Every structure is written in structure tokens, then in C-alpha cells.
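Read off the chains here:
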Amino acid sequence: MKTASSIALAFGALLVFAIPRVAHAEVDCLGCHGDKSLQDAAGKSVGVDAGTFGASLHGNLKCGDCHSTIKDYPHPDPATPVKCESCHTGEAEGLVGSVHANRAEHPCTSCHGDAHAIFPKSDPRSAVYPLNVPRTCGNCHGNDALAKKHGLPNVYPMYLDSIHGFALSREGLLVAANCQSCHGSHHILSHTDPQSPTYKSNIPNTCGKCHAGITDNYLGGVHGKAVAKGNLNAPVCSDCHTAHAILQPTEASFRMQSTPICGSCHKDKLSTYRDTFHSQLGSLGGYVETARCWDCHGAHDVLPASDPKSPIAPANLVVTCGKCHAGANASFVQYQPHANAHNRKLNPALYYTRLFMNVLLIGVLAFFAIHTILWLVRSRYQQVKTRSAKGGNNG
Amino acid sequence: MADLQQAAESKVQSHAGERYFMRFTRAQRYMHAVLFTTFLGLAATGLPMRFSESFWARRFASGVGGFGTIIFFHKFFALVLTVAFLIHLKEVFTRGLVHREKGIFWGNTSMVANWKDVKDLFGHMRWFIGLGPKPKFERYAYWEKFDYWAVFWGMVVIGFSGYAMWFAPFFARFLPGWALNAVLVIHSEEGLLAILFIFSIHFVNTHLRPDSFPMDMVIFTGVESEEEFKTKRPEEYQRVAAEGKLETRLGVKPPLWLLNFSKAVGYTAIFIGLLLLVLTLSAYFGS
């Protein structure tokens, strides 16, 4: 053991002399800690790659600047943990009250990585470089056991498959939303906290940081106005698009999943929609072109039919229906996409049509069911009688 | 051995001695084949749309590549059936109006209902409960005429409402707006009625009842034995015999391959029909 450390010491010294950026005063520390396999009494790695450290953001600091409790050798093993907040006061203040406030559970290094290899967040080597953020957060938030323990969804895989995750991991888009774009970094608050950027009424602003145009549209529509008035039953971005597993809206799976989302509030409209051909076709996957809620009502700037700007305003129907139905005319748009065949007052013609068809169906089937059953019984009786008379079998 | 051989020969002879009579022409049998093929196709593609919420509809849709495939084949079968329907109309009017053939629009051999049908219906039902003798049926019994007209008007109603949806903007030129809502209700209810009727009532009345069980082969082979002719349609048999025209109706015993082929086709059709019936009922009462 002794020979091994002295060899390592000599090797470390050699290495240190080759790296001019590391101050000569640090040679003493690296004499031991230059051995990357070095462990403290608790079994934690205390080796330092002098080269990486020298190139890192903290490369100009002396060991003692952070490890201020260590003055002499031998020093206590394990050493007192470093207090990052002695310099990074703003970040430390941010952590107070955040979901990661517990420093023992969430030391700075849990996000920033190896303390001796901290790089600026614009550096691809940094754990908090935009393209690395999801993986860094995913270290914990991609862990089923941890998600279960904290009652959180396992969001990392959802994010990776989302349009944001795709843009980030496949295209390497720095502007693609990563975790901290929405959640912030140090002062991360629960979505139940009204101060949080992911609190329901703050979501339009949060998404609007990038999606400014859409947010403008949204704020002008009935849902945006309702949320602005404090009606938190009205949907915000994430209610339709989800928070993490955000899909490309033209994708079949998004078109398939969204109608029930609108219907979770607009129950009567969903049920009358379900009776129409639009819905019947739409329920059978693979034909996603059939009209879903937002194809007629608009997606972000939903407006009531009484608003002349609404796509379902009477004057706009020919254009709106005509998006799919080439040749739609004034008479064609009299079609009611939410007609209720069970409501005599609202849709009398349809009500009586349905009633007539039902009476016809039940009447014909009931008559012939009785007719056929009686016939069957009588025929069989006759058959058995005739065959018995002939002495044959009755199979 | 000699005895056995003799017995076998006599059996063949007794069968060979049995006479067969024509009931349906080749064209009529083909028409029935086209009718049930397209009907099964329309039912198999229409039901998933009608019950699009059911698990089997979605499974089926995803299996065949989605709704697009289903509607394509629905329209395809609809077009074939429309052509068949038009050919039938032309045939009826040519025979009845151009060639002035008797018995097309009225009389014993017509499909048009007459007073005898009303009497037969009540007589038949009295017989069911043992209150009277079995009526003597003519060429087409009242339930057969009902089948015919149900299909006839069914095609008109379902066809018209179907085309109204297919070419909605065009039909909207002369139909009021609410009619576009109504055509779906009419199309699906009438279609459902047709499916439930054919796959339960028609199957039992025509094929599964004891007199014909398990299948009435006459619509496939075109001929039936003298025995069948006599017992199923005594009035027609007596009339034709009295007219001395039995000989003109004589046909040949259907070859074995035709019987087997007909059975294969017929059983397949009945099986598909019953399967669709079960799925329909499960979706109807399951939802």
C-alpha cells in the first residue's frame, strides 16, 4: 500500500509539473489526490483530474479556497463538505424554499456534476449545458423508484419522446425547451405554488416565452380570457398538449387523444359529437383527417359562434366546412355537427326520423322473431311426427 | 359382394330416378351471389363505423390500415351493389314492360304481394299454434316476398342516404340542412335493421329451419328435388302440373362439385353473417 502510494505520488508530481495552469502550491494536495482511484474513509472518490480541473471554471482557484477547513496534512478524513454558497450566494438563496431545498438530498453536485469539472453552462462539457440538462435532471427524474417515492410522474422518458425532447436530442436545437426552460433552475417550485412558472395560471406566460404568437392568440380566445379572469377550470397549454409528453399536433396520436380532453369539460358537446359521422370515423384510427373539435372551433383562439371572428360564426361556416368539404355551400353548412337526435325541441326533424327508424327496426324484428320462433317449434314438431310415423330417426 | 353391389346400384337408381325442377335461373343465382357478397362486405365495413367505439371495430380498423381502407371497401361494395340493383331493375322492366311477360307485376308468380299472401300469413300463424292446416304456398311465399321487398327498399333507402353522405355538398343543393343529419341516422338504422334481419330472420326462415336445415341449396344450384317442390310449394306444383308444364321446368340433378362448392360458399357466408351478428349484438348491448 505504501509503495503504491509513493509511486502514485511520484507519478502525480510528474503530471502536475506538466500542467502549468495549476498553481505550484497545489502540488502538495495533488501529491495524493492526483491519484484518481483515491478514496476517503467513507469510500467516496476523492481523486482529482488535475488537467480537467485546470481547464474548468474553477481552475484558477486554489484547493484551500473551497476546502477552507483543511490547513495541514494530515487532515480529517472524511473532510468537511465544501460550502458552495460561500461564493454562490444568489444560487443558494434561490434554493431556499424550492423543491430541492434539502441540501443533503440535493447537493450542488447532483445537478452540476463533478465539483472539479465545472464548466460554464454554455460549454458542451457542462452538466447544465442546454443539451445536457434533460439527462442531468433525468438522473433522478427518470428513475421509477424515485418518482414513486415522491409521487411524481417519471417524466424523463416522456420528455425524450416529446417534440421538445426530439428537437433537443435529435436535432441538437439549443432553443428547444429543456427542463429548466419551464421549471427554472435553482428556485424550482411545485406546480401547486402560485409563484411557480408551472402553476396553472402562469403556464401561458411560461410557454409564451418561446411561443409568443400562439400565446397571443390564446389570450384572445375564450379559454385565455377565462384563465386571465382567474377561472382555473379553463384549459391552459398543458391541459391539451400535456406538460412533458408534448406531441406534434398534426401527428395522428395527438389528433386521436385530444377530443376526449375537450370533452372532459364540454361533456354534452362530446356526446353529440360522438353521434356524428365525424366522430365515428375519427374513432377508427388511421383516418385522422376527420374533423376534431379544433378543426372547426380553432385551437388557441377559440371564440363563440356569436363572435364574427370565430370560424363557427354563421358567416364563416362555408369557409370552415370547405376546408375539408370541397363544394360546401350555404345549404350544406346547415348540417349540425352537434345535433341531438334525442332532443325533440332542439332537433325535431332528427328526433322523429330516429323515432320512426327505431319503431320500424324494433317492429319488424319483434314481429319476425315471434313468427320465426313459432315456426321453428311447429316445423320441428311436424318433422318429428312425420318421421316417427315413417319409423325413421329424428336426427 | 354381389348383394352389396346390387344394393348400391339400386340406391343410385332410386336417386337417379328422382326428378329435379328449375326454380332459379343462372342469372338469378349470380344475382343472389353478388347480393350476399356485397352485403357481407358492406356489413363488415359498415359495422365498424356504426360501432366505432367497440374494441373489435378499432382492432379491425388498425388491422386493415385504418378507417381509410374500411370506407374505401364500403364504397366499392356499394358501387357493385348499385350496379347489380340497376341491372335487376332493367331486367324486371324489360321482362314486364318490353317483352310483356306475364306474372311479373301481378299474379301467381309475381313478387308483388296479393290477397293470398295475407291469407297465407294468417293461415301460417294459425298452423304454428295448431289451429289450422298448413297453407299451400305458391311460387313465392309471403315471407320470401317480404325478404325481397325489404332488400329492394332497403337498397333504395340505404343507397340514397349513403350517396347523400358520400356527395353531401352536391345533395345539399336540393336537400335541407337537417336532412344531412338525418341521412346518417337513416343509413345506420336501416343498415342495422337489414343486418339483424338477414343474419337472424332470413338465415333461419330460409336456411336453418328444419325443412331446409342446414342450408337451402336451391339458390346455389337452381334446382330442387320433386319432393321438395311438392312439400314446400304445393300450390305451384299443382298449378304447373295442371297446366301440363312440369316437363318444361325439369332440370338436372346438381353435380357433386356444385353441391360441395355451394356448401363451402354458403357456410362461409352464414358463418361470417353469424359472426357479424354476434359482434353487432355485443356492441349494441355492451355499450
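Residues numbered from 1 in each chain as written. Chains lettered and ligands numbered in written order. Predicted model: local features only at pLDDT ≥ 70, side-chain atom pairs only at ≥ 80, totals over all residues.

### Here we look at the overall build of chain B
Working step 1: Counting its regular elements, chain B contains 12 helices and 3 strands.
Working step 2: Overall, chain B is about 70 × 50 × 40 Å in size when its C-alpha atoms are taken along their principal axes.
Working step 3: Out of the 287 residues in chain B, the part that is buried amounts to 31%.
Working step 4: Within chain B, residue pairs in contact and separated by at least 24 positions form 72% of the contacts whose partners lie at least 6 positions apart. (Helix = DSSP H or I, 4+ residues; strand = E, 2+ residues; numbered from the N terminus. Buried ≥ 20, exposed ≤ 12 C-beta atoms within 10 Å, placed from the backbone. Contact = placed C-beta atoms within 7 Å.)

### Description of the overall build of chain A
Working step 1: The number of helices and strands found in chain A is 21 helices and 0 strands.
Working step 2: Relative to the 2.2 N^0.38 estimate, which gives 21 Å for 395 residues, the radius of gyration of chain A is 35 Å and therefore markedly larger than a compact globule would have.
Working step 3: Put simply, chain A has 395 residues, and 25% of those count as buried.
Working step 4: Taking all contacts inside chain A whose residues are at least 6 apart in sequence as the whole, residues at least 24 apart take part in 44%. (Rg over C-alpha atoms; globule rule 2.2 N^0.38 Å.)

### As for the sheet that holds strand β1 (residues 20-22) of chain B
Residue and element names in this part refer to chain B.
Working step 1: Here 3 strands make up an open sheet; going across it, the order is β2-β1-β3 and the pairing antiparallel. Edge positions in the sheet fall to β2 (223-225) and β3 (250-251), since each of these pairs with one other strand and no more.
Working step 2: Of the pairings in the sheet, the one linking β1 to β3 comprises 2 bridges and is antiparallel in character. Pairing of Phe21 across the sheet is with Leu250, part of β3. (Pairing = 2+ DSSP bridges.)

### Re the packing of helix α21 (residues 348-389) of chain A against helix α8 (residues 177-208) of chain B
Working step 1: The interhelical angle for the contact between α21(A) and α8(B), taken along N-to-C directions, is 5°, at an axis separation of 9 Å. What the angle tells us is that α21(A) and α8(B) run roughly parallel. (Axes fitted to C-alpha atoms, helices over the stretch in contact; angles between N-to-C directions. Parallel < 35°, antiparallel > 145°, perpendicular 65-115°, else oblique.)

### As for helix α5 (residues 115-128) of chain B
Working step 1: Between its first and last C-alpha, α5(B) extends 20 Å over 14 residues, near the 20 Å set by a 1.5 Å rise per residue.
Working step 2: What α5(B) keeps buried is the set B:Asp117, B:Asp120, B:His124 and B:Phe128. Projected down its long axis, α5(B) shows its buried positions confined to an angular sector of 70°, all on one face. The outward face of α5(B), more than 90 degrees from its buried face, is lined by the exposed residues B:Trp115, B:Val118 and B:Lys119.
Working step 3: Those residues of α5(B) that are buried lie in contact with α21 of chain A together with α6 (142-166) of chain B. (Expected span 1.5 Å × (residues − 1). Arc of directions from axis to C-beta.)

### Describing the interface of chain A and chain B
Working step 1: Facing the 38 residues of chain A at the interface are 43 residues of chain B.
Working step 2: Elements supplying a minimum of two residues to the side of chain A that touches chain B: α18 (277-283) and α21 of chain A.
Working step 3: By residue number, the principal contributor to the side of chain A that touches chain B is α21(A), which donates 19 residues.
Working step 4: In terms of residue class, the side of chain A that touches chain B is made up of 20 nonpolar, 15 polar and 3 charged. (Nonpolar A, V, L, I, M, F, W, Y, C, P; charged D, E, K, R; others polar.)

### Here's the deal with the packing of helix α4 (residues 67-98) of chain B against α6(B)
All names here are of chain B.
Working step 1: Closest axis-to-axis distance for the α4/α6 pair is 11 Å, and the angle between their directions is 135°. Regarding the angle of α4 to α6, the classification is oblique. As α4 packs across α6, the resulting crossing turns out to be left-handed. Between α4 and α6, the contacting residues are Lys75, Ala78, Leu81, Thr82 and Phe85 on the first element and Met155, Gly159, Gly162 and Trp166 on the second.
Working step 2: Looking at the contact of α4 with α6 residue by residue, the class counts come to 5 nonpolar, 3 polar and 1 charged. (Left-handed = near helix turned anticlockwise from the far one by under 90°.)

### Considerations on the environment of A:Cys66
All names here are of chain A.
Working step 1: Along the chain, the position of Cys66 falls in helix α4 (residues 63-66).
Working step 2: Take Cys66: there are 17 C-beta atoms within 10 Å of it, and that puts it in the partly exposed class.
Working step 3: Put simply, Cys66 and Thr272 are 206 residues apart on the chain and 68 Å apart in space, counted from C-alpha to C-alpha.
Working step 4: Sequence-distant contacts of Cys66, that is, excluding residues within four places in its chain, are made with Leu61 and Val82.

### Considerations on α21(A)
Working step 1: Between the first and last C-alpha of α21(A) there are 61 Å, a value that for 42 residues agrees with the 62 Å anticipated at 1.5 Å per step.
Working step 2: For α21(A), the full list of buried residues reads A:Leu350, A:Thr353, A:Arg354, A:Met357, A:Phe368, A:Thr372 and A:Trp375.
Working step 3: For α21(A), the secondary structure elements touched by its buried residues are α5 and α8 of chain B.
Working step 4: Phi turns positive one or two residues past the end of α21(A), at A:Gly391, with a value near 80°.

### Here we look at the nonpolar core
Across soluble globular proteins, nonpolar side chains show a tendency to be buried alongside one another.
Working step 1: By size, the foremost hydrophobic cluster in this structure holds 57 residues, and its most contacted members are A:Leu284, A:Phe332, B:Val183, B:Val185, B:Ile195 and B:Phe197.
Working step 2: Those elements giving two or more residues to this core turn out to be α18, α20 (317-322) and α21 of chain A together with α2 (26-50), α3 (55-64), α4, α6 and α8 of chain B.
Working step 3: It is α8(B) that provides the largest number of residues to this core, a total of 16 residues.
Working step 4: A domain split of this core shows at least three residues from each of domain 1 (247-334) and domain 2 (350-395) of chain A.
Working step 5: Sequence-distant contacts of A:Leu284, defined by excluding residues within four places in its chain, comprise B:Pro48, B:Met49, B:Ser52, B:Ala57, B:Arg58, B:Ala61, B:Gly66, B:Phe67 and B:Ile70.
Working step 6: One finds B:Tyr20, B:Phe220, B:Val223 and B:Val240 within the second-largest nonpolar core, a separate group that totals 10 residues. (Core = buried A, V, L, I, M, F, W, Y, C linked by C-beta atoms within 7 Å. Domains from an automatic or database assignment.)

### Notes on the confidence of the model for chain A
Residues and elements named next belong to chain A.
Working step 1: Residues with a pLDDT of 70 or more make up 91% of chain A, whose mean pLDDT is 87.
Working step 2: Highest mean pLDDT in chain A belongs to helix α12 (residues 203-208) (95); lowest belongs to helix α1 (residues 2-18) (51).
Working step 3: Scored below 50 in pLDDT, residues 13-25 makes 18 contacts in the model with residues more than four places away or belonging to other chains. (pLDDT = per-residue confidence, 0-100.)

### Here's the deal with the domain arrangement of chain A
Working step 1: The assigned domain composition of chain A is domain 1 (247-334) and domain 2 (350-395).
Working step 2: Taken over C-alpha atoms, the centre of domain 1 of chain A sits 45 Å from the centre of domain 2 of chain A.

### Some thoughts on unusual backbone geometry
Working step 1: For the bond running from B:Phe213 to B:Pro214, omega is -5°, close enough to zero to count as cis.
Working step 2: Checked against the element boundaries, B:Pro214 lands in the loop between α8 and α9 (218-221).
Working step 3: One non-glycine residue with positive phi stands out, namely A:Thr242, at about 65°.
Working step 4: On the secondary structure map, A:Thr242 appears in the loop between α15 (237-241) and α16 (252-263).
Working step 5: Unlike most non-glycine residues, B:Arg100 shows phi in positive territory, near 55°.

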